[in-house]
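Each chain is listed here by its residues.
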Amino acid sequence: MTSRKVLFVYNRVRSERAAAFAAGLAPDDSLYGLHAIRERGFDAEFDDIGHDIRGIGRLYKAADDALSGGGRRIGFHWWQAKRLLPRLRSADLVFATADSSALPILWLRRRGLFRAPVVYGSIGLTQSFSDVRGALFRWYRELAGSAARVVAFSMRERDELVTRFGMDGGRAVFVPFGVDASFYRPGGTGDAPPLAFGLDPMRDWPTLAAATREFTGPIDVIAIPDRLDGTAIPPSWRVSPPVDFAALAARIAAAKFVILPVRENPYTGATISLLSAMACGKAVIVSRTSALAEGYGLTPGDNVVFVEPGDAEGLRASIHRLSTDPALCARIGAAARAHVEHAYTVDHMADRFAAIFREALA
């Protein structure tokens, strides 16, 4: 049987990431399992054209900024969708991995400009409109409802798509994220300082600062510098800017344990970071957000250490406990690795995506 053409559309893949992926220096999950999907019989390619804004594209960008409230809500990447149209027309199926890319693509499809079914991953749509209604909400809801499937990476977001966005329960699907366990794996000495890392806006650096204000040993922090603005950085922190995937995997593997403080959110804040660290065999302290409370089989004290979002005292106590009990770190880390291997690898995710793609194509 002829393989079906699946076009993966990303919100943004910088050239260095694409080059690293092509060279095998990035995990397959960084492009949502593109290699794994190919292994399942699909002719899968990716494209993120349209982020090089120029000429008339600036007008589209201005409209996008207006719809997104200057980035406070989910955007609408018109320029990307417009430039992708020739590839959309040649695809058998489109998988858009973010709301701001998927929504304008669905708009083009509804106008009859291409015919391929659209599956998309929702990351923050319900959070973005948690307290907003009106014409924009209704328009986004209508467009999202026209997708063949909408994938949510947390059970909570999937439920909110159904209850608040009125989406059909069979169309909104929960798919647990899966990470590349051959890329993120145990190794290194495991005696480097605890590591906190993350680039998403849900990271709760102020709570970590409050929890480690009097911590005597060093704590390594990898973060976008601007995201630390307004945080009183403790003297124990050793802050560095973002690193490439290979360097991050090595830093995780070398750490005694990992700390992921996150603000409450119903979507994927820290999910990928958590699973990546677990795959490296690390004990992880993570905030128990609604995105992580269900659907990922996490058991406190067994394969993860949970603290409540914003709980600096609980976070301080958990850091102290792991810092003084290397045997506990080793036990939780081993269970974490086994847990990921059992159900949360990129192959597990690709199996679920492949089934959804086949349903959409049928």
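Everything below is about the structure printed above this text.
Conventions we followed
- Residues numbered from 1 in each chain as written.
- Predicted model: local features only at pLDDT ≥ 70, side-chain atom pairs only at ≥ 80, totals over all residues.
- Heavy atoms only, no water.
- Buried < 20%, exposed > 50% of the residue type's maximum accessible area, 1.4 Å probe, protein only.
- Helix = DSSP H or I, 4+ residues; strand = E, 2+ residues; numbered from the N terminus.
- Arc of directions from axis to C-beta.
- Contact = heavy atoms within 4.5 Å.
- Pairing = 2+ DSSP bridges.
- Salt bridge = Lys/Arg side-chain N within 4 Å of Asp/Glu carboxyl O.

Draft legend 1. Quick peek at helix H3 (residues 57–67). Looking at H3, one finds that the buried residues are Gly57, Asp64 and Leu67. Angularly, the buried residues of H3 cover 75° about the axis, an arc narrow enough to put them on a single face. Turned more than 90 degrees from where H3 packs its buried face, Arg58, Leu59 and Ala66 sit exposed. Lining the buried residues of H3 we find helix H4 (78–90) and helix H7 (135–144). Following H3 by one or two positions, Gly69 adopts a phi angle in the positive range, close to 60°.

Draft legend 2. Broad picture of the pairing of strand E4 (residues 118–122). When you tally the buried positions in E4, you get five out of five residues, the bulk of the element. Residues Val118, Tyr120 and Ser122 line one face of E4 and the alternating positions Val119 and Gly121 line the opposite face, and both faces are buried. The sheet contact formed by strand E3 (residues 93–96) and E4 spans three bridges and is parallel. Residue pairing in the sheet places Phe95 in a bridge with Val119 of E4. Direction of pairing for E4 relative to strand E5 (residues 149–152): parallel, over a ladder of four bridges. Note that in E5 the partner of Ser122 across the bridge is Ala152.

Draft legend 3. Up close: the pattern of salt bridges. Scanning all chains against the criterion turns up 15 salt bridges. Residue Arg40 pairs with Asp351 through a salt bridge whose shortest N-O separation is 2.7 Å. Taken together, the positions of Arg40 in the loop between helix H2 (34–39) and strand E2 (43–47) and Asp351 in helix H15 (residues 346–361) put the pair 311 residues apart, joining distant regions of the chain. The exposure class of Asp351 is partly exposed, given its relative accessible area of 43%. Here Arg337 makes a salt bridge to Glu341, at a shortest N to O gap of 3.2 Å. Remark: Glu341 and Arg337 occur in helix H14 (residues 326–343); sequence separation between them is four residues, near one turn of the helix. According to the relative accessible area criterion, Glu341 is partly exposed, its value standing at 43%.

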